[in-house]
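# Remarks on the overall topology
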Amino acid sequence: MAASELSIDDASKEIDAVIDEIQRAVIIDREFLETVLVGLLSKGHVLLEDVPGTGKTLTANSFARALGLSFSRIQFTPDLLPNDVTGTHIYNEKEGEFEFNAGPIFANVVLADEINRAPPKTQAALLEAMGEGQVTTEGETRQLPQPFFVIATQNPVEQEGTFPLPEAQVDRFNIKSSIGYPDNDGEVELLRRRNDRSMPTPTSERVLNLERVRAVQEVPEGVTVTEDMLQYIAEVSRATRDDHRVSVGMSPRGTQRLYESARAHAVIQGRTYVTPDDVKAVSRACIAHRLVLTAESQVNDVDKSAIVEEVLAEIPVPTVEAPA
């Protein structure tokens, strides 16, 4: 296992501090913030499916501020070109040569807003970046800054003029979730802040920095996963492939992402080992979007999350004791 400068307990406390700081600026559910941080700690990416106006941009920006990372927002539109994302070469008259002008993807936290509004060729520009941490332009490969964390959004309501993400690209996201609407108290607080015109809009302050985030990302490597838990994770994945409502279940890559997400969740909880509760906590966000339903299931509007819940209910749960 890779050594880390931080203990699991220290990493958990720092994650708590990040969540507290974000919640100071954004009215948002703690469980949702933990889910997004599972994506970061597992070195993956997050897809948010939400209606407009739920605070996706503010949340992503607040994450970057609290983590002390660079932030970039890309508004995906039908006329967006791949080079608008990755960058292009521009002729420098003074030097008499072409030089590379980095695109907005060269940031630690990238908000890919309404990703399903861009054509497939532009969507694919994110594929290499998300999978390999690099981009290739005009035959030259460039490494992206590390950490590299994509938060992509799509609007589930307006489908006219959109290009649904192909399964291969959806599988690149460790986590798919949604912010949802605030509860009554949260919505009243939004109005209260708007009503007090003298109060500046709250913003999150920096809690961590680049090197600290890198250290936190290495901590899950030290989490213990017993043989029984490995079997349990594999059984959960395999069960999705055997379900009669599913034409394509979890891929082996998806199984690995479930493993990585469970370890990340254990770190957030301050635990040195993975339990079935960790797997259950991340399964809906990690598995549901990877399932491809049969034609009959699609016609009947079968809920993918419900399939995940049923799979978890059917598989025997192993007993895991804390390591001595």
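If you're wondering where the values come from, they're calculated on a predicted model, not measured in any experiment.

## Quick notes on the pairing of strand β7 (residues 140-143)
On a regular strand, one side chain projects to one face of the sheet and the next to the other, so that they alternate. As defined by bridge partners, strand β6 (residues 134-137) adjoins β7 across four bridges and the pair is classed as antiparallel. Of the residues in β7, the one forming a bridge with T136 is T141. Remark: two residues form the turn of the hairpin made by β6 and β7, two consecutive strands paired antiparallel; E138 in that turn has positive phi of roughly 50 degrees.

## Structural notes on helix α10 (residues 252-268)
The first and last C-alpha atoms of α10 sit 25 Å apart over 17 residues, in line with the 24 Å expected at 1.5 Å per residue. Where burial is concerned, most of α10 is hidden: twelve out of the 17 residues are buried. Within α10 the residues assigned to the buried category are G254, T255, L258, E260, S261, A262, R263, A264, H265, A266, V267 and I268. Among the structural elements, α1 (8-25), α2 (30-41), β9 (175-177), α9 (227-242) and α11 (276-287) are those in contact with the buried residues of α10. Where α10 ends, the next residue or the one after it, G270, has phi of about 75 degrees, a positive value.

## What to know about the pattern of salt bridges
Across all of its chains, the model carries 21 salt bridges by this definition. We note a salt bridge from R30 to D20, for which the minimum N-O separation is 3.5 Å. One end of the pair, R30, is in helix α2; the other, D20, is in helix α1, with ten residues separating them in the sequence. Residue class for R30 comes out partly exposed when judged on its relative accessible area of 28%. Given a relative accessible area of 46%, D20 falls into the partly exposed group.

Reading the values: rules and limits
- In this convention, every chain numbers its residues from 1, walking through the sequence in written order.
- Where totals are concerned, whole chains, interfaces and linings use all residues; where local detail is concerned, this predicted model gives features only for residues with pLDDT of at least 70, and gives and counts side-chain atom pairs only at 80 or more.
- Where side-chain values are given, they derive from all heavy atoms of the structure, hydrogens and water being excluded.
- What makes two strands pair is DSSP finding at least two bridges between them.
- Only DSSP runs of H or I covering at least 4 residues are called helices, and only runs of E covering at least 2 are called strands; the numbering of each starts at the N terminus.
- Here the expected span of a helix is defined as 1.5 Å times the quantity of residues minus one.
- Remark: exposure states derive from per-residue accessible area (1.4 Å probe, protein chains only) relative to the maximum for the residue type, with buried under 20%, exposed over 50%, and partly exposed in between.
- Here, two residues are considered to be in contact whenever any of their heavy atoms come within 4.5 Å of each other.
- Any carboxyl oxygen of Asp or Glu within 4 Å of a side-chain nitrogen of Lys or Arg constitutes a salt bridge here.

In short, geometric facts, not functional conclusions.
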